[in-house]
Amino acid sequence: MGDVSTIQATASDIAGQIGMMWEVLKAPLLVPLLRAAVYICLVMELMLFVERLYMGVVIVLVKIFMKKPDKRYKWEPMNDDDLEIGSANFPKVLVQIPMFNEKEVYKISIGAACNLSWPSDRLVIQVLDDSTDPIVKDMVETECLRWASKGLNITYQIRETRGGYKAGALKEGLKHNYVKDCEYVVIFDADFRPEPDFLRRSIPFLIHNPEIALVQGRWRFVNANECLLTRMQEMSLDYHFTVEQEVGSSTHAFFGFNGTGGIWRIAAINEAGGWKDRTTVEDMDLAVRASLKGWKFVYLGDLQVKSELPSTFKAFRFQQHRWSCGPANLFRKMVMEIVRNKRVNFWKKFYVIYSFFFVRKIIAHMVTFFFFCVVLPLTLLVPEVEVPIWGAIYIPCIITTLNSVGTPRSIHLLFYWILFENVMAFHRTKATFIGLLEAKRANEWVVTEKLGDTMKNKDKPKPAKKARGPLFGDRILRQELGFAAFLFFCGLYDVLYGKRVYFVYVFLQVITFTIAGLGYVGTIVPS
C-alpha cells in the first residue's frame with residue numbers, strides 16, 4: 001500500500017508541476033501568440049470571403065447579362081457541304097494523348113479521339129506513351145495499329161526516358177515532322193472521352209478569332225457516384241469549373257489551363273516558350289506565360305468532356321499534392337515576371353497575382369488548415385483567447401454555401417464535405433509550403449491511378465468496397481491520427497473545463513481525421 005501511495009503522490013506532484021508551468025507560460029507567452037494567430041487567421045479568412053463573394057457576384061452578373069461565348073466572339077459552324085472544297089477548309093489538328101502505364105483506360109481515350117467528327121486527312125492522332133511496363137506498351141501499340149488499319153492517321157510515340165514527365169512528352173511530340181502542318185493541338189489524358197463534335201464546337205473560336213490561344217472544355221465525371229470520396233471531389237471541381245473558370249474567362253479572358261480537355265493554337269504555345277517542366281503544373285505554367293504575351297482564353301461550360309476521378313485515397317492524396325505544390329512553386333518562380341510584364345494591364349496583373357495565385361492557391365489551403373484544425377482547437381485550451389462568432393461560424397458558413405453552388409445535387413453532403421476538406425487542407429498546406437520553399441518533394445510527379453472499368457470487368461463483379469487492408473500498413477497515416485489525438489484532447493478539455501460548444505465540431509473532426517488516418521476512405525479493386 002505504501003508503494004501505491006508513493007506513486008500516486010509522485011503522479012500528483014508531476015501533474016501539479018505541469019499545471020504550474022502551463023499557468024506560468026500561458027499568460028506572458030501563449031496567450032499573445034495565440035491571439036496573434038487568431039488575428040492572422042481572421043484576416044486570411046476575410047480575404048477568402050471577399051474573393052468568394054466577388055466571384056459569386058460576378059458569376060450571377062455573367063449568367064444574367066453577359067452574352068454566351070459564341071455571341072461574344074465570332075463563331076461560325078464548320079461547313080463540309082461544299083464538295084469542290086472538300087476538307088480543305090478544315091484546319092489540320094493534332095490530338096495528343098499522353099499516357100503512363102494506363103492499362104485500365106488506354107482504349108477509352110484512343111477510341112474517343114479516333115471517333116472525333118473531323119476529316120481523317122485533317123486529323124493527326126499522337127499517342128505519347130511513357131509507360132515503363134512492357135506489357136502495357138504492347139497493348140497500347142496494338143490498339144494504335146488496330147485504329148490505323150481502319151484508315152486513321154494515328155502514331156504510337158515513345159521516348160527513351162521520361163524526362164520532363166507529361167510536359168516533356170508533349171514538348172517532344174510537337175517536334176516531329178509529321179505535325180508541322182498542324183495549326184492546333186488538343187490534349188486528352190488517358191481517361192478522357194470527348195464527344196465526337198468536340199472539335200467542331202471549339203475550333204471555330206480559334207479560326208475566326210486570331211487573338212484566342214486556348215479553348216477549354218468542362219470536365220464531367222463518369223464515376224462521381226462510386227463512393228463518398230468521388231462525390232466530395234465532384235463538389236470541389238464543379239465549383240472550380242462553374243465559377244472560377246467562368247469568371248476568369250468572362251472578366252479577364254484568363255484562367256488556368258486544366259491540362260486536358262482543351263485545344264491550343266500551336267503558334268501561341270511556341271510564342272509563350274513551349275512546354276516547361278520546371279513545376280508539376282506545366283499546364284498552368286504555359287497558360288500564365290501565354291496570357292502575359294497578350295493571348296486570350298475561352299472557357300466553354302457546355303463543351304463537356306467525360307473523365308474519371310481518383311477513387312482511392314492514396315491516388316487522391318498524390319494528385320492533391322501535385323495540384324497544391326505546383327501552383328505555389330510556380331507563383332514563387334513567376335511573381336516578379338508577372339509584375340515586370342509590360343503587355344498586360346494592372347488589373348489583370350492584380351487578378352493573376354492576388355486572386356488567381358495568392359488567395360486561391362495559397363491562402364485558401366492555409367486558412368482552412370491552420371484556423372479550423374490548429375488555432376480554433378487551441379483556443380479551447382486557452383480560454384483567455386476568444387474567436388469572434390462571425391469568424392468561427394458565420395463567415396465559414398457563407399463561404400461553404402458559396403462553394404456548393406456548382407453541385408446542387410450534393411447539398412445534403414455539405415457538412416461531410418467541410419470535414420473532409422479540413423483533412424485534405426492538411427495535405428494541401430504541406431504541399432503549398434513545399435512548393436513555396438522549393439523543398440525536396442517540389443517536383444515529385446506521381447501519375448494519378450485510374451481504375452477505368454476494372455470494377456465492371458471482374459467475373460461476377462461486386463460493388464465497389466470500402467478500402468480494407470491489414471491493421472497496420474502503408475495505408476495507415478500517422479500524421480492524421482496524430483491530429484485526431486490532438487483534436488480529441490482539445491475537445492475533451494472543452495467538455496470538462498470549458499464553457500464553449502466548439503467541442504461538438506472538434507469531435508466530428510476527430511472522427512474524420514481518424515477515418516482518413518486508418519485509410520477507410522475511397523475504394524479499392526477487390527483482389
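Residues numbered from 1 in each chain as written. Predicted model: local features only at pLDDT ≥ 70, side-chain atom pairs only at ≥ 80, totals over all residues. Heavy atoms only, no water.

An unreviewed UniProt entry lists the protein chain under the name glucomannan 4-beta-mannosyltransferase, with Anisodus acutangulus given as the organism. For the record of the protein chain, the UniProt heading Catalytic activity (unreviewed entry) holds the text "GDP-mannose + (glucomannan)n = GDP + (glucomannan)n+1." The UniProt entry for the protein chain carries the following comment under Sequence similarities (unreviewed entry): "Belongs to the glycosyltransferase 2 family. Plant cellulose synthase-like A subfamily." (UniProt positions renumbered as here; feature names shortened; annotations may be inferred.)

Student: Outline empty space enclosed by the protein, listing residues and values.
Tutor: If a probe the size of a water molecule is rolled over the atoms, the empty space left behind becomes visible. Tallied over the entire structure, the rule returns 1 cavity of 30 Å³ or more. Its volume calculated, the largest cavity comes out at about 30 Å³. As for the largest cavity, its lining consists of F318, H321, R322, E444, W445 and V446. Residues of the lining of the largest cavity, tallied by class, amount to 3 nonpolar, 1 polar and 2 charged. (1 Å grid on protein atoms, 1.4 Å probe; cavity = no way out; pocket = protein on both sides within 12 Å on 5 of 7 lines; lining within 4 Å. Points joined across faces, edges and corners; volume = space filled by probe spheres on them. Nonpolar A, V, L, I, M, F, W, Y, C, P; charged D, E, K, R; others polar.)

Student: Just give me the short version of the sheet that holds strand β1 (residues 93–99), but keep the residues and values in it.
Tutor: Across the sheet, which stays open at both edges, the 8 strands sit in the order β3-β2-β1-β4-β7-β6-β8-β5 with mixed pairing between neighbours. Whereas interior strands pair on both sides, the edge strands pair on one side only; in this sheet they are β3 (154–158) and β5 (193–194). Across 9 bridges, strand β6 (residues 212–221) lies against strand β8 (residues 296–307) in parallel orientation. Bridge pairing in β8 places G217 opposite L300. (Pairing = 2+ DSSP bridges. Helix = DSSP H or I, 4+ residues; strand = E, 2+ residues; numbered from the N terminus.)

Student: Account for helix α12 (residues 389–403), with residues named and values stated.
Tutor: For α12, spanning 15 residues, the distance from its first C-alpha to its last is 20 Å, which sits close to the expected 21 Å at 1.5 Å a residue. Of all the bends in α12, the largest measures some 25° and sits at I395, one to four residues before the proline P396. (Expected span 1.5 Å × (residues − 1). Bend = angle between axes of the 7 residues up to and from the residue.)

Student: Explain the packing of aromatic side chains to me, and be specific about the residues and the numbers.
Tutor: One pass over the full model with this rule turns up 32 aromatic pairs. Taking the centre distance of 5.2 Å and the plane angle of 15° together, the rings of F350 and Y354 count as stacked. With F350 and Y354 both in helix α11 (residues 346–381) and 4 residues apart, the pair spans about one turn of that helix. Judged by relative accessible area, F350 falls into the partly exposed class, the value being 40%. Positioned above the aromatic ring of W147, the side-chain terminus of K150 is 4.4 Å from the ring centre. Cation over ring: R317 sits above F313, and NZ or CZ is 5.3 Å from the ring centre. (Phe/Tyr/Trp six-rings, centres within 6.5 Å; stacked < 30°, edge-to-face > 60°. Buried < 20%, exposed > 50% of the residue type's maximum accessible area, 1.4 Å probe, protein only. Lys NZ or Arg CZ within 6 Å of the ring centre and 35° of its normal.)

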